[in-house]
Amino acid sequence: MSEPRALPALLEEWEPVIGLEVHVQLATQSKIFSPSSTEFGAPPNSLTDPLVLGLPGTLPSFNQAVLQHALKLGVATSSQIRAKSRFARKHYFYPDLPKGYQISQFDEPLCENGHLDVIIGGGLKRVKLQRIHLEEDAGKTTHVGQTSHVDLNRAGVPLVEVVTAPEIGSAAEAGEFMRSLHRLVRWLEISEADMEKGQLRCDANVSVRLRGEDRLGTRAELKNINSFRFVEHAIEHEIVRQIRILESGGRIIRETRLWDADRGQSAPMRSKEEANDYRYLPDPDLPPLVVDGQIMGTILRTLPELPSVRFDRYQKLHGISPDDARTLVSERALADYFDAAVAAHPSERGGRMIANWMLTELLGALHASATPVARSPVAPATLAALVVLVENGTISGKIGKDVFEESYRTGDAPAAIIERRGLQQISDTGALWEIINRVVGANPKQAEAYTVGGKDGLFGFFVGQVMKETQGRANPVITSDLLHKRLGR
Amino acid sequence: MTTDEGHEGAGDAGMSALTRTEVEEIAVLARLHLEPAELERMEHELTSILTYFTALAEVDTAGVPAMTHAVPMDLRLRADVALPSLPQDTALASAPRRDGALIVVPSSITPGRTEPGA
Amino acid sequence: MTSEYWSVADTARRIAAGETTALAVTEATLARIAIVDGTLGAYLALDGDGARAQAAEIDRLRASNAALPPLAGVPIALKDVLVTRGLATTAGSKILEGWIPPYDAHVVERLRAAGAVVIGKVNCDEFAMGSSTENSAYKPTRNPWNLTRVPGGSSGGSSAAVAAGLCAASLGTDTGGSIRQPAAFCGVVGLKPTYGRVSRWGVVAFASSLDQVGPLTRNVGDAALVLQAIAGFDPRDSTSLDAPVPAFADALTGDVAGLRIGLPQEFFEAMDEDVRVAVSSAVAALVERGAVTVDLSLPHTKLALPAYYLVAPAEASSNLARFDGVRYGQRAAATDLADMYARTRGAGFGPEVKRRIMLGTYALRAGHYDAFYKKAQQIRTLIKRDFDKAFRYCDVILTPTTPTVAFPFGAKANPVDMYLADVFTLSCNLAGLPGLSVPCGLSGDGLPIGAQLLGKPLDEATLLRAGGVIEGAVGLGERRPTGLATLVPSPRPARITKPGHAAPGGDL
């Protein structure tokens, strides 16, 4: 029996087809259909009200913040927004589904046919979205021996469900999609999207087909994926599983499989009944949800510039590398910082330098002190000012790092620090020539070894001596230039 | 959507004779345990009720909107303010079985959640 | 007349005037219940202590010369599908046996704010599904006019209690006629408001797009007063109408000159002769006072019954999915979850409820939705259009409330026969219109007959106006149900009156 081929080899012949269904918990004060709190981590069953408990006689009332959040996402994904969308009851029996149905959307969802631009490699890939719709979350059930324990705190928390078209082509792309969506919802401030807290959940529909085939293969649904890493692992595992079955002449069963992260494998969920017949019913308790010009106007006016747009702009306008651009847009606060610093910079060409300083000095300091960008002790304008001082030669880059560190620590302005510590760069050729003469004169042996003996490494020694004499303030370019002249080569 | 069970096809309102199997399937969907005598009765009663609906099939409703709400209105929006919840004890007071602050039910045969959402 | 048959208006007036006390009225009501209700079976739960406390509070207010709210001291019974905080609520079902709600329905809050005294919860068909109250899981209620007959349903406990003087008024619910039909059977007034006029918050849902809460009272004026207390916008109910609430009592002018009364031919085909005669007298009474009749047709009337029996069970199957033994109510023993659900619901629901859940589940199954539920919703639009067209030619529509008088227990064993009892009342719910039943005569064997008035959306005022005229001309006046005559023991219950006032005469 030959060795099973590894995934890359298999992928030459087989094409994975992946569609994702992602649930995002929206960040609101109260639940989608009732006014009890959405607070995380409260004692079990302490965030309920008669509707959350599914008591007889209760009725839903709709939280306007949910609409606003969902619309931001709809607009940010260029979706078609339905002027009148409807809620539908999706029926099934489960202990943490108090009404015996989930209020969701079926026939007439809020958003359709949008897309999400996913940053992959150096560019953007557009993943089509079939729909984005509103629904309520269920409570939590944990299994303890022969019983299940139910906490309804989470029941009724608002969710949007984002469904992609089945056109994601690899596990890596799926992972990137999740990261992009994670970033976007945090960018729009509509969700914290912490996967560990269950605020971002991913179900994956995976099938494979021979490359060149038109028809889709039978798909399996993967659930219980709760980190970005697992998204890729689980999908990869499933792709391999399916290919092996098909290659050995078997058939893929249309089923739901639970990912077991500890074991690194999935297992089918054995269900007692066959297909899910949700018996969708337009919810008679909720009239149609109308989105009018006024609501849309506010959303459009207040929508921030999107990460993918900035990703593009940073590269085109500021000449920033794709990798650096990607880092800058990983977080809205970082991108906002960059934009503010660029705006504070007198010329239009400060972008690259500012980016460099941000990605090295600023991020380094922030991580070391576990400070979020929004609370950076060095403000964007301050960083811009520092960059200007380096650019115009007032200080060298090396001294600049020093000044940054002190400004970060003390909050003092760079100009003040430079003034106080006398850190101005020495660029005066006359002064430098004098110093160089002194240094070379004091080290005749090394000078000869360099000039006549060809020992190239000694150049650094002389540079170092000049720096020592000037406390690092000698302009490195001019120094180097003059040294070459003085030493003869 | 994961499920492709939805409002597919136009079915026929005249499918009025229910089979015993269908009755059993519906009882399972509705989580109703019916004794054999009940199932028997249900088969007859439902079939006789369903014959009434053939009258509906004969009416031409092309282009007639479905009346989802008796009085046309838009959904009202509620301000996003969290109000006090029921005290934990009140919420749990009616639960037939509890363990501390959690409601207890027997487990299903299936491990994990059989339905979407979490 | 002893206090038991005082109208709502009279009760409130006398208490406000200090002629009697709220506590006296409450005690008299409770005493009468103790004598009569063992046989009648209207009440499922009495809140004697609560009622006395509420009454005492009203009396304290009166004594301090503070202004009294409009229904101060009026004893009210609530259909057991209305959720009451701290007071058992069963919806007539075993599955909710023992459930004590932690909140009050909106209408209950409003009644309390109006000063009414809640005496207790009255019987109904299980989850409001039925037309005779025989489907109550607890007991049948008897018609006070003839104890071998049903009081109607599903608000049979309400109609019987009001007719028998066991409260001044009751709140019932009406999904397909469940206020109007029992009102007709028991010779009382029953009003179903326009859909959305009264909040459904705290009403155990049967069919969400059809359910409405309304009053059952002994006269039309009282219906106006009680409706006033409960109508109006409630943000907790997303189907609640934010429409101005008129002063309903102002509608009772007695003036019907020029009022156009629509008589739809489809409602005058098959009915008992006694019913035909009584309803004709109601029409004649209006015409004598200047109203004009307009013959018209509501062509899709025959479709109302199948449409209703698709929409209502479908919505019911959805609304009743929450009864699963997990968080409240009864739970059957089982070691497996699916088993627990099935046994809890199998044992907890009665046959009619199970039938409708099965029907509704069937109608909503994948592949059936278009042909059944959606079709029925389209029929509703056609029915509504019939009414819209009719109301261009008339101001109010008059029909019999029911084709027969109250039938004997067990007479409608075949479910479909029972469904046919609602044939005149269903269209009104499907179209969301207001409807009123007002007594207009007695049959040859002494059973009440009701005339039904159907109005334009939000036009309860015209119903009350026309209903008041019918009542004045051909109503039952001071006639009381004769079925209770055998129940009164020799000593009459003590009547508390102010010194110097002669106790008015009267019997049960």
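Residues numbered from 1 in each chain as written. Chains lettered and ligands numbered in written order. Predicted model: local features only at pLDDT ≥ 70, side-chain atom pairs only at ≥ 80, totals over all residues.

1. Details of the overall build of chain C
A count of helical and extended segments in chain C gives 15 helices and 11 strands. By the compact-globule yardstick of 23 Å for 508 residues, chain C fits well, its C-alpha radius of gyration being 22 Å. Classification of the 508 residues of chain C by burial places 65% in the buried group. Long-range pairs, those at least 24 residues apart, make up 78% of the contacts in chain C between residues at least 6 apart in sequence. (Helix = DSSP H or I, 4+ residues; strand = E, 2+ residues; numbered from the N terminus. Rg over C-alpha atoms; globule rule 2.2 N^0.38 Å. Buried ≥ 20, exposed ≤ 12 C-beta atoms within 10 Å, placed from the backbone. Contact = placed C-beta atoms within 7 Å.)

2. Overview of the interface of chain C and chain B
Contact residues are listed per partner, giving 61 residues for chain C and 51 residues for chain B. Looking at the side of chain C that touches chain B, the elements that each hand over two or more residues are α9 (304-319), α10 (337-348), α11 (351-364), α12 (370-390) and α13 (415-420) of chain C. Of all the elements, α12 of chain C adds the most residues to the side of chain C that touches chain B, at 13 residues. In the side of chain C that touches chain B, the residues fall into 34 nonpolar, 15 polar and 12 charged. (Nonpolar A, V, L, I, M, F, W, Y, C, P; charged D, E, K, R; others polar.)

3. Thoughts on the packing of helix α3 (residues 171-187) of chain A against helix α4 (residues 228-247) of chain A
Residues and elements named next belong to chain A. Close contact between α3 and α4 brings their axes to 8 Å; oriented N to C, the two are set at 155 degrees. As the angle between them shows, α3 and α4 are arranged roughly antiparallel. Crossing of α3 against α4: the hand is right-handed. Counting all contacts with α3, which are made through Ala 171, Ala 172, Ala 174, Gly 175, Met 178 and Arg 179, the residues of α4 involved are Phe 228, Val 231, Glu 232, Ile 235, Glu 236 and Ile 239. (Axes fitted to C-alpha atoms, helices over the stretch in contact; angles between N-to-C directions. Parallel < 35°, antiparallel > 145°, perpendicular 65-115°, else oblique. Left-handed = near helix turned anticlockwise from the far one by under 90°.)

4. Looking at the packing of helix α2 (residues 36-51) of chain B against α11 of chain C
Across the interface, α2 of chain B lies against α11 of chain C with an axial gap of 11 Å and an inter-helix angle of 60 degrees. When the axis of α2 of chain B is compared with that of α11 of chain C, the two are oblique. For the crossing formed where α2 of chain B meets α11 of chain C, the hand is right-handed. Two secondary-structure elements touch here, α2 of chain B through Met 42, Glu 45, Leu 46 and Ile 49 of chain B and α11 of chain C through Arg 355, Met 358 and Leu 359 of chain C. Its residues assigned to classes, the contact of α2 of chain B with α11 of chain C comprises five nonpolar, no polar and two charged.

5. Some details on helix α8 (residues 273-288) of chain C
Residues lying three or four places apart along an α-helix face the same way, a consequence of the helix completing one turn every 3.6 residues. Residues and elements named next belong to chain C. Look at α8: 22 Å from first C-alpha to last across 16 residues, which is about the 22 Å you get at 1.5 Å a residue. Every buried residue of α8 is listed here: Val 275, Ala 278, Val 279, Ala 282, Ala 285 and Leu 286. Buried residues along α8 cover an arc of 105 degrees about the axis, so they all sit on one side. Residues Glu 273 and Glu 288 are exposed on α8 and point more than 90 degrees away from its buried face. Of the surrounding secondary structure, the elements contacted by the buried residues of α8 are β7 (260-264), β9 (396-400), β10 (435-442), β11 (448-455) and α15 (460-474). Looking at the residues trailing α8, positive phi occurs at Gly 290, about 105 degrees. (Expected span 1.5 Å × (residues − 1). Arc of directions from axis to C-beta.)

6. Looking at the pairing of strand β9 (residues 140-144) of chain A
Residues and elements named next belong to chain A. Sheet topology places β9 next to strand β10 (residues 147-151); five bridges connect them, and they run antiparallel. Across the sheet, Lys 140 pairs through a bridge with Asp 151, a residue of β10. Between β9 and β10, which pair antiparallel one after the other, the connecting turn spans two residues, and Gly 145 there sits at a positive phi close to 65 degrees. (Pairing = 2+ DSSP bridges.)

7. As for the domain arrangement of chain A
Residue and element names in this part refer to chain A. Split into domains, chain A comes out as domain 1 (7-297), domain 2 (305-421) and domain 3 (429-487). Spacing between the C-alpha centres of domain 1 and domain 2 amounts to 38 Å. Every contact between the two is made by nine residues of domain 1 and, on the other side, eight residues of domain 2. The set of elements that each furnish at least two residues to the side of domain 1 that touches domain 2 consists of β7 (111-120) and α3. The biggest single contributor to the side of domain 1 that touches domain 2 is α3, with four residues. Taken together, the residues of the side of domain 1 that touches domain 2 break down into five nonpolar, one polar and three charged. (Domains from an automatic or database assignment.)

8. A word on unusual backbone geometry
Cis geometry is found at the peptide bond from Gly 153 of chain C to Ser 154 of chain C, where omega equals 10 degrees. In this structure, Ser 78 of chain A takes a positive phi of about 50 degrees despite not being glycine. Even without glycine at this site, Leu 458 of chain C takes up a positive phi of about 70 degrees. Locating Leu 458 of chain C in the fold gives a position in the loop between β11 and α15.

9. Focus: the pairing of strand β4 (residues 169-174) of chain C
All names here are of chain C. By the criterion of burial, β4 is predominantly enclosed, with six of the six residues buried. Alternating positions in β4 separate into two faces, Ala 169, Leu 171 and Thr 173 on one and Ser 170, Gly 172 and Asp 174 on the other, with burial throughout. Sheet topology places strand β2 (residues 75-79) next to β4; three bridges connect them, and they run parallel. If you follow Ile 76 over to β4, its bridge partner there is Ala 169. Note: β4 against strand β6 (residues 212-217), six bridges, orientation antiparallel. Considered in β6, the bridge of Asp 174 is made with Gln 212.

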